[in-house]
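Fold and contact review
Listed below are the residues making up each chain.
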Amino acid sequence: MSAATLTARPSGPLTGRVRAPGDKSISHRALILGALATGKTRIDGLLESDDVLATASAVAAFDADVQRDNDGRWTVTGKGGFDQPIEIIDCGNSGTGVRLLMGAAAGFPISVQFSGDASLQGRPMGRVLTPLGEMGARWTAEHEGRLPLTLEGGGLKGISYRLPVPSAQVKSAVLLAGVNARGTVEVIEPEATRDHTERMLSAFGAVLEITPEGPDASGRMGRRIRMAGGQRLTGTDVRVPGDPSSAAFPIVAALVTPGSQVTVEGVLLNPLRAGLFETLREMGADLTIDNAREESGEPVGDLTARYGRLRGVDVPPERAPSMIDEYPILAVAAAFAEGVTAMRGIGEMRVKESDRIALMAAGLQACGVQATEEPDALIVTGSRTVPGGGVVRTHGDHRIAMAHLVLGLGAQTPVTVDEPGMIATSFPTFQALMAGLGAEILEA
Ligand code: S3P
């Protein structure tokens with residue numbers, strides 16, 4: 001049974017070298033594309049977190065052969081399509097898992113019941129169902145646009161779809177459905193979002209045409225992605241790089257805990273995911289990259305963070321898609337930065353695993369930090385000394401929990417979070433990895 005709470009105590013310097021756990025986005029995609037392809041896909045460095053394990057069970061239920069060979073080493077043998085599952089596809093807490101799987105499943109003449117936990121049942125699915133419906137998929141749901149729902153696929157046609165929200169999950173769902181559609185699928189994204197699906201589809205043999213789109217009236221650059229339906233995918237080897245969204249926690253912990261120096265090895269540095277690191281540098285963070293290299297078509301490097309003085313900044317709204325999951329931990333860095341950090345254009349934060357704008361504002365306030373929320377913004381006024389001392393309600397959101405625990409390491413007094421078991425959805429080794437660096441994060 002997992003602990004009811006976790007408490008982070010003000011720690012001495014954090015030091016050491018660690019390897020970031022596998023990237024969650026890439027892990028989901030490797031399993032799903034492996035199942036859609038024909039033949040063997042060998043995955044090295046798969047993130048074995050609750051979210052990703054739910055996707056592994058799902059693709060097995062669609063009748064792919066899924067084997068765990070060793071720690072992080074998995075083999076998926078696909079038949080070139082999904083079969084009718086017998087059981088409900090329960091994606092747990094994972095928005096990425098369910099939205100990508102709905103897209104992939106829509107390409108086949110099967111009827112699939114999708115569900116998830118209470119948090120996932122509260123999140124919007126209409127953003128994926130709308131384009132899939134335009135392609136010819138049908139669904140029934142008790143509550144409009146929400147899980148649980150039954151999706152019927154097959155006989156899809158092409159589509160030209162302009163994303164109404166910057167969402168890699170929606171883009172990916174349309175592209176994955178397009179693999180088994182008749183006609184061309186085109187997705188236009190006014191703001192570029194993470195492109196792992198496009199990169200991985202190419203690695204599995206699909207042919208995509210990607211052209212720049214924009215700038216629009218606000219100067220944002222986007223992309224147009226075109227793919228002919230009826231692609232043949234062939235299994236391949238995938239090496240999963242370290243997750244920048246997880247690396248962010250030990251990195252910021254080092255930046256805010258006096259005397260620290262921490263290196264996180266093998267971090268994915270895809271520019272569409274690296275907005276946090278750019279912002280931290282603008283705040284004056286001592287953050288360096290060594291050993292920059294390419295792994296499985298993605299840029300990767302070793303990141304070293306050293307404690308030092310941070311200053312508040314205005315984060316440009318157009319940077320949001322490249323760091324949408326990192327605002328909780330950025331807000332913690334902002335709490336330790338002198339002056340005001342304004343994070344604007346982040347309304348999408350409200351429909352993640354929790355309403356992250358509201359919970360970060362409340363959590364920071366509980367720790368003695370001045371934080372105010374606006375409909376699509378979070379404004380934090382920081383200082384080198386942060387009181388801490390809060391008991392933070394996470395609403396079962398892993399990133400809210402980890403962000404506040406990091407705050408507790410650099411603060412004056414301990415910080416406690418509830419529902420810490422949810423950390424395992426993305427970073428099951430968080431507590432052990434942080435302890436290895438010298439952090440005191442203990443069960444109550
Ligand atoms: C993800 C896309 C983002 C992100 C999520 C992972 C992905 O969601 O928040 O954690 O793997 O495609 P949106 O597409 O809803 O922005």
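Residues numbered from 1 in each chain as written. Predicted model: local features only at pLDDT ≥ 70, side-chain atom pairs only at ≥ 80, totals over all residues. Heavy atoms only, no water.

Looking at the nonpolar core
Of all hydrophobic cores here, the largest spans 77 residues; its most connected members are Leu-280, Tyr-327, Met-343, Val-380 and Leu-407. For this core, the leading source of residues is helix H8 (residues 244–256), giving nine residues. Leaving out residues up to four positions away in the same chain, Val-380 has contacts with Ala-331, Ala-334, Ala-335, Gly-339, Val-340, Thr-341, Met-343, Leu-364, Val-369, Gln-370 and Ala-371. Counting 70 residues, the second-largest nonpolar core is a separate cluster that includes Ile-26, Val-76, Met-125 and Ile-225. (Core = buried A, V, L, I, M, F, W, Y, C linked by side-chain atoms within 4.5 Å. Buried < 20%, exposed > 50% of the residue type's maximum accessible area, 1.4 Å probe, protein only. Helix = DSSP H or I, 4+ residues; strand = E, 2+ residues; numbered from the N terminus. Contact = heavy atoms within 4.5 Å.)

Quick word on the pattern of salt bridges
The final tally for this structure, using the stated rule, is 38 salt bridges. Residue Arg-344 is joined to Glu-374 by a salt bridge in which the shortest nitrogen-to-oxygen separation is 3.2 Å. On the criterion of sequence distance, the pair formed by Arg-344 in strand S19 (residues 339–344) and Glu-374 in strand S20 (residues 370–374) is long-range, its members being 30 residues apart. Assessed through its relative accessible area of 38%, Arg-344 is described here as partly exposed. Judged by its relative accessible area of 34%, Glu-374 is partly exposed. (Salt bridge = Lys/Arg side-chain N within 4 Å of Asp/Glu carboxyl O.)

Quick word on the domain arrangement of the protein chain
Frequently, the measure chosen for interface size is the accessible area that the parts lose on association. Domain annotation of the protein chain identifies domain 1 (5–22 + 241–443) and domain 2 (24–239). Each of domain 1 and domain 2 has a C-alpha centre, and the two are 28 Å apart. Contact with domain 1, which involves 30 residues of that partner, is made by 29 residues of domain 2. Buried area between domain 1 and domain 2, summed over both chains or domains, comes out near 2400 Å², and the portion from carbon and sulfur atoms is 47%. (Domains from an automatic or database assignment. Buried area = accessible area lost by both parts, 1.4 Å probe.)

Re the site of the ligand
The immediate surroundings of the ligand are formed by Ser-25, Arg-29, Thr-96, Pro-166, Ser-167, Ala-168, Gln-169, Arg-194, Ile-324, Asp-325 and Lys-352. A distance of 2.7 Å separates an oxygen atom of the ligand from a polar atom in the side chain of Arg-29. Relative to its free-state accessible area of 390 Å², the ligand is covered by the protein chains to the extent of 95%. Elements with a minimum of two residues in the shell around the ligand: helix H1 (24–36) and helix H6 (168–178). Here the residues of the shell around the ligand are counted per class, giving three nonpolar, four polar and four charged. Of the residues that make up the shell around the ligand, three or more belong to each of domain 1 (5–22 + 241–443) and domain 2 (24–239). (Near = heavy atom within 4 Å. Polar contact = N/O pair within 3.5 Å; in protein donor to acceptor, adjacent residues only side chain to side chain. Areas by Shrake-Rupley, 256 points an atom, 1.4 Å probe, with all protein chains shown as cover. Nonpolar A, V, L, I, M, F, W, Y, C, P; charged D, E, K, R; others polar.)

Focus on the pairing of strand S10 (residues 157–162)
Bridge count between S10 and strand S11 (residues 182–189): five bridges; the pairing is parallel. Bridge pairing links Tyr-161 to Val-187 in S11. Handedness of the β-α-β unit built from S10, H6 and S11 comes out right-handed. (Pairing = 2+ DSSP bridges. Right-handed = clockwise from strand over helix to strand, strands pointing away.)

A closer look at H1
The end-to-end C-alpha separation of H1 is 19 Å, in line with the 18 Å expected for 13 residues at 1.5 Å each. Among the 13 residues of H1, 13 are classified as buried, and the element is accordingly described as predominantly covered. Between the side-chain oxygen at the start of H1 and the backbone nitrogen of Ser-25 there is a gap of 3.2 Å, and the oxygen is on Asp-23. (Expected span 1.5 Å × (residues − 1).)

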